[in-house]
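Read off the chains here:
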Protein chains: 4
Amino acid sequence: MTRDKSGSSKVGEKKRKKETELFSAAYELFTTKGTQNTAIDDIVKRAGVAKGTFYLYFKDKYDIINRLILQKSSQVIKEAVEKTEEQKLDRFEDRTLFFINYFKENKLMLKLINKNFSWGLFRRALRNPEQYKEMEGIVEIFIGNLVEKNMNLDEAELTLFMIFELVGSVCYSSIILEEPTTIDEIKPILFKKVLAMISY
Amino acid sequence: MTRDKSGSSKVGEKKRKKETELFSAAYELFTTKGTQNTAIDDIVKRAGVAKGTFYLYFKDKYDIINRLILQKSSQVIKEAVEKTEEQKLDRFEDRTLFFINYFKENKLMLKLINKNFSWGLFRRALRNPEQYKEMEGIVEIFIGNLVEKNMNLDEAELTLFMIFELVGSVCYSSIILEEPTTIDEIKPILFKKVLAMISY
Amino acid sequence: MTRDKSGSSKVGEKKRKKETELFSAAYELFTTKGTQNTAIDDIVKRAGVAKGTFYLYFKDKYDIINRLILQKSSQVIKEAVEKTEEQKLDRFEDRTLFFINYFKENKLMLKLINKNFSWGLFRRALRNPEQYKEMEGIVEIFIGNLVEKNMNLDEAELTLFMIFELVGSVCYSSIILEEPTTIDEIKPILFKKVLAMISY
Amino acid sequence: MTRDKSGSSKVGEKKRKKETELFSAAYELFTTKGTQNTAIDDIVKRAGVAKGTFYLYFKDKYDIINRLILQKSSQVIKEAVEKTEEQKLDRFEDRTLFFINYFKENKLMLKLINKNFSWGLFRRALRNPEQYKEMEGIVEIFIGNLVEKNMNLDEAELTLFMIFELVGSVCYSSIILEEPTTIDEIKPILFKKVLAMISY
DNA sequence: GATGAATGAGTCTTCATTCAT
DNA sequence: GATGAATGAAGACTCATTCAT
């Protein structure tokens, strides 16, 4: 009798393991060589499974890319939030900066996300009640803080969007390409600009 | 004996013409379908030349992409500068906003540049004395203005970089994908944030 | 101890049921999408059994196709014979035409059989004493009638074969493809030709 | 200066040769193993060209199949007509039988055509003025003869269609599968039936 | 008997690049 | 300089069949 499709049975575990291996193989490859230059063949070879197995778990290449971005980005953000909360910082600005600082640590993910990120995909994910409950909280808190500062709701959301775009591109460029300079040299200026965006 | 590579002889003209046709065919295609989905075959067909001819003028596909981005982006910026100067605006802030406003008009180029733009490529181009003399001027003027506002030189240049990144990503997302909303709704907020970045 | 392979025990019944479900799922799919475009996966999904189960009842894909054709074609013919006999038609020719007319009704089977039918397979089936006793009767009656008309036995059997081939192809083409025209327009001519083949 | 696309120049000749080689390799393979079991890879290997070359000459697998059937069938029919006319037979019936007799000689083509033949494709080809002028003549003559025998035009065309279908299926079965017997044993009966179809 | 996860050979198709003419 | 036929490696995806549980 089969009770669950991905549950606690031995088969279910094994199944889950394959998917995980596929995910992490793809992640490694995508962040190293880019999605475009990574073949399904590379992924399955690294994961140590047969080609057909890939298509057991993913509809096609786009499927794994999207699911990976969603998964990794929400995971990284979640982590960043947790670390930020541990800091017991009083001021909203400080919390924001600490958050960004932590966020930028995950270099590999940055590379993956930056060229494939879509705000629409992200918002849609936020509306998925099951999986992203926590993340939604963060977003709401952030926006709430801005609203308290007399921003209206629309502007607050757009501000968040712009901060994402700015921090994302700047980090990508400075970390991955070291252009125009290193992230360490850029960071103080970036923080200054983010604060300016929050405050005015 | 070939005297010149871009000269004034009839042959030189003809040569130049093929290259130009290849450039504009590629531009049209790249901005419409993306670089990835455009085959050399598409380009040469549209340009009306043979496939081999392509490799007479460009080393490979990357070559034409890079040169196209450089060429188009500096051309668009140049135009934007000219239009801005015609406006005889007194305040630096107003000139910046007018500039950005004009800049964003060129939707097609935006699409091309956004996923391929690299600040390093851009700066390298600026240092090319022949071709980009005028553009360098613009950049210097902008930076000069920021320095007058008591920014140091490094911060000024990084500020310019960040404005480019922010405006670029936001325009791309809002114009091409209409996410999170249309450019018209985003513009006032974007301007506000750019001003904040200039001022603080 | 397994006593029977198709017997009356409960297990046997269950077994029989799976096989039947596989058969009817395959039939539906084959006649709708063609054998080539139907995957084992489609069949087992529709039948509601596991993939491995398929190979418990059928050696491979060809096995189910052949057995299906045999089964369905003899079933349709049997039905056609019964309907024909209900009509109490006196003349052999009239009975033949009525038979053909009924025969052509089963569009789906036509599609399945036409591209896979093999006279050898069919005759071999007829010689299988168990299953196809009745059908053999029909064939013998038909042939007997022709012999009465002074055809020799060989010619009679070949005539039957040719009528099958002609009626089969013409019906397939006109019903499924509507080429060169509809079955309704073709039918009178087809009947005329069949009568000619019987009579001369 | 390029004057022609497949003409008399050296390049044109070479080009033509590749296409021909591809055609004949495909023909050989299709008739031996069937279209379904022949991969593009098999074709190009046998033709001694690269895989990409195939797609220079044919849109896809269906393209080469259709063009091959059209080409071969019209070629065989043309030949059969020529041979028939050389015989100076007076009676229409005799000419028809001689024609069929010659027609059946080409065993390989029979195999190819039989499972892929479509009357619609065939008629469309007949309407192609350039290539099939002669063939159209044959068809018209045949139909004309039937009309002289007091058949109306529609019935004449349908009769031709049915003869094609009958002769095609019977020859296929008897020549390729030797079912229900050899073509030599079947031929007299087949002729008798065709005459019956012409005469009544 | 029943399951369904896993396999991997097989298939079609694309395209940047080369090179003889 | 110009041409365009030829290349073949690379890629995404399918599916009949097996086998451990």
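Up top is the structure.
Report on the accompanying structure. Position labels on residues start from 1 in each chain and follow its written sequence. Note on labels: chains are lettered from A, ligands numbered from 1, in written order. Where totals are concerned, whole chains, interfaces and linings use all residues; where local detail is concerned, this predicted model gives features only for residues with pLDDT of at least 70, and gives and counts side-chain atom pairs only at 80 or more.

### As for the relation of the copies chain B and chain A
- We superpose the copies by least squares over the C-alpha atoms of residues that have a pLDDT of at least 70 in both of them. Superposition of chain B onto chain A requires a rotation of 178 degrees combined with a translation of 0.0 Å along the rotation axis, giving an RMSD of 0.4 Å. The transformation just described matches what one would write down for a two-fold rotation axis.

### Things to note about the interface of chain B and chain A
- Here the contact rule is simple: place C-beta atoms from the backbone, and any two residues whose C-beta atoms are within 7 Å are in contact. Tallying the contact residues gives 27 residues for chain B and 28 residues for chain A.
- Secondary structure elements follow DSSP: runs of H or I of four or more residues count as helices, runs of E of two or more count as strands, with numbering from the N terminus. The greatest single-element share of the side of chain B that touches chain A, amounting to eleven residues, is contributed by helix 9 (residues 153-176) of chain B.
- Of the residues in the side of chain B that touches chain A, the class split is 13 nonpolar, six polar and eight charged. Each residue is assigned to one class: nonpolar for Ala, Val, Leu, Ile, Met, Phe, Trp, Tyr, Cys and Pro, charged for Asp, Glu, Lys and Arg, and polar for all the others, Gly among them.

### Focus on the relation of the copies chain D and chain C
- Laying chain D over chain C is done by rotating through 178 degrees and shifting 0.0 Å along the axis; what remains is an RMSD of 0.4 Å.
- A shared interface surface links the copies, since 100% of the contact residues of chain D are contact residues in chain C too.

### Looking at the protein's contact with DNA strand E
- Being near a molecule or strand means, for a residue, that its C-beta atom, positioned from the backbone, comes within 6 Å of it. In the vicinity of DNA strand E lie 37 residues, with Gly-52 of chain A, Asp-60 of chain B, Ala-50 and Gly-52 of chain C together with Gly-52 of chain D positioned nearest.
- Every element with two or more residues in the surface near DNA strand E is listed here: helix 1 (10-33) and helix 3 (51-57) of chain A, helix 2 (40-47) and helix 3 (51-57) of chain B, helix 1 (10-33) and helix 3 (51-57) of chain C together with helix 2 (40-47) and helix 3 (51-57) of chain D.
- In terms of residue class, the surface near DNA strand E is built from 13 nonpolar, seven polar and 17 charged.

### Considering unusual backbone geometry
- Residue Pro-180 of chain A is bonded to the preceding Glu-179 of chain A through a cis peptide linkage, with omega at -5 degrees.
- Positive phi values are uncommon outside glycine, yet Lys-88 of chain A reaches one of about 50 degrees.
- Along the chain, Lys-88 of chain A turns up in the loop between helix 4 (61-86) and helix 5 (92-103).
- In the Ramachandran plot, Asn-150 of chain B falls in the positive-phi region, its phi being about 75 degrees despite a non-glycine side chain.
- In this fold, Asn-150 of chain B is placed in the loop between helix 8 (133-148) and helix 9.
- Between the buried cut of 20 or more and the exposed cut of 12 or fewer other C-beta atoms within 10 Å of a residue's own C-beta lies the partly exposed class, and all C-beta atoms are placed from the backbone. Accessibility expressed as a C-beta count within 10 Å gives 7 for Asn-150 of chain B, which makes it exposed.

### Focus on the interface of chain D and chain C
- If you look at the interface, chain D gives 27 residues, while chain C gives 27 residues.
- At the level of secondary structure, the elements contributing two or more residues to the side of chain D that touches chain C comprise helix 7 (119-127), helix 9 (153-176) and helix 10 (183-199) of chain D.
- It is helix 9 of chain D that provides the largest number of residues to the side of chain D that touches chain C, a total of eleven residues.
- For the side of chain D that touches chain C, the per-class residue count stands at 13 nonpolar, six polar and eight charged.

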